[in-house]
Amino acid sequence: MLVVLPLSLLAACGGGAPSSPGGSPSASASAAPVPSPVASASPMPTVSGDFGSKANITIPAGQPSGQFVVDTLSEGEGPAVGKGDWVTVNYTAKDWTTGKDVGNSYEANQKPQLFQAGKGQLVPAFDQGVLGRKVGSRVLVVAPPAAGFGAKGNPTLGVNAGDTVVFVLDVMQAVPQDSTVTGAVTEPPATMPQVKDNGKAAPTITVPAGQAPPTDLEKAVLIKGDGKQVQAGQTIVVQYTGVLWSNGQQFDSSWSHGGAQALQVGTGSLIKGWDEGLVGQTVGSRVLLVVPPALGYQNQSQAAVPPNSTLVFVIDILEAV
């Protein structure tokens, strides 16, 4: 209920995403069956360059085999990516058929792709190419149309119908859906709601009895993460739970509908209390927010939230892209 706008980077369409100037590897509209990936086929492209930087892809002589190839070029030391994990991937892409560069996420106006592995949100080259690969790995993917952009291609990216595309994927991060933040806890002020950690379950929030709610946004960092700072316009992966100040009743929680969620912050697609309370925080932090009606849903009712409600949230910031 926090989201007003969809996350366009994950749109299941054949063209490029509106928020990615160079286009993005959105899911193909083709319904063709996706072949099972193999580790190698002849001929194969060669790749140079280091993990975390734009790859140099050399296309060999001859036509592609038509097979869907997924090959780990260098293995990372992080956890293996599981189905449903929120994965952050940098990529370099080249059209085998035309020899043209398709694009990469290392350019100044681009961002890594953030998606749920194995959920069909991006083309199979990404969706299946990262499953089982360890964080920190560089992966070569040769994607025939059925594993890439389908029979229609992707005009935004300059990929023609029937083209085979070569991707080099750098697996930067993976966040399982049941993730929570951990670390040294700083207790909030006595005048704010108190929070009890419950491990992998939603934290318990206790609202001060008999106390009038604040009229301004209040925030407290319960656990200070040592990750990057959240910037306006980024997509963040969070676990969160929310209760009403008036009676302490929970009205929403990511724990009750699938686990960690990806939301765009600082752009007006969330309630103002989140935009103001989360921009500037660091990844790995647990943040307590008390949101007055003016920064929440104001005089509008939202499902279990009555009009003019003061809202209390505990939010774990797991990733920011």
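Remember, predicted model here, so these are calculated numbers, not experimental data.

Rules and cut-offs
- Residues numbered from 1 in each chain as written.
- Predicted model: local features only at pLDDT ≥ 70, side-chain atom pairs only at ≥ 80, totals over all residues.
- Heavy atoms only, no water.
- Helix = DSSP H or I, 4+ residues; strand = E, 2+ residues; numbered from the N terminus.
- Rg over C-alpha atoms; globule rule 2.2 N^0.38 Å.
- Buried < 20%, exposed > 50% of the residue type's maximum accessible area, 1.4 Å probe, protein only.
- Areas by Shrake-Rupley, 256 points an atom, 1.4 Å probe, with all protein chains shown as cover.
- Lys, Arg positive; Asp, Glu negative; His and termini not counted.
- Charge placed at Lys NZ, Arg CZ, Asp CG, Glu CD.
- Pairing = 2+ DSSP bridges.

Colleague: So what about the overall build of the protein? Which residues, and what values?
Modeller: When helices and strands are counted, the protein shows two helices and 16 strands. Against the globule reference of 20 Å for 321 residues, the protein gives a C-alpha radius of gyration of 22 Å, in line with a compact fold. Referenced to the eigenvectors of the C-alpha coordinate spread, the extents of the protein come out at roughly 75 × 35 × 35 Å. Residues classed as buried in the protein amount to 49% of the 321 residues present. In the form shown here, the protein has an accessible surface area of approximately 13,500 Å², with 51% of it arising from carbon and sulfur atoms. Between the averaged position of the 17 positive side-chain charges in the protein and that of its 22 negative side-chain charges there is a distance of 3 Å.

Colleague: Can you break down the pairing of strand β13 (residues 250-253) residue by residue, with the values?
Modeller: Relative to β13, strand β12 (residues 235-244) runs antiparallel, the two being bridged by three bridges. Within β13, the position partnered with V243 by the bridge is Q250. As consecutive antiparallel partners, β12 and β13 are separated by five residues, and within that stretch G248 has a phi angle of approximately 75°, a positive value.

Colleague: Could you give me a rundown of unusual backbone geometry, with the residues and numbers involved?
Modeller: Here the residue pair S42 and P43 is connected by a cis peptide bond, since its omega of -5° sits within 30 degrees of zero. Locating P43 in the fold gives a position in the segment before β1 (46-48). Even without being a glycine, Q298 presents a positive backbone phi close to 55°. Phi is positive for A303, close to 50°, though the residue is something other than glycine. Inspection of the secondary structure puts A303 in the loop between β15 (286-291) and β16 (311-320).

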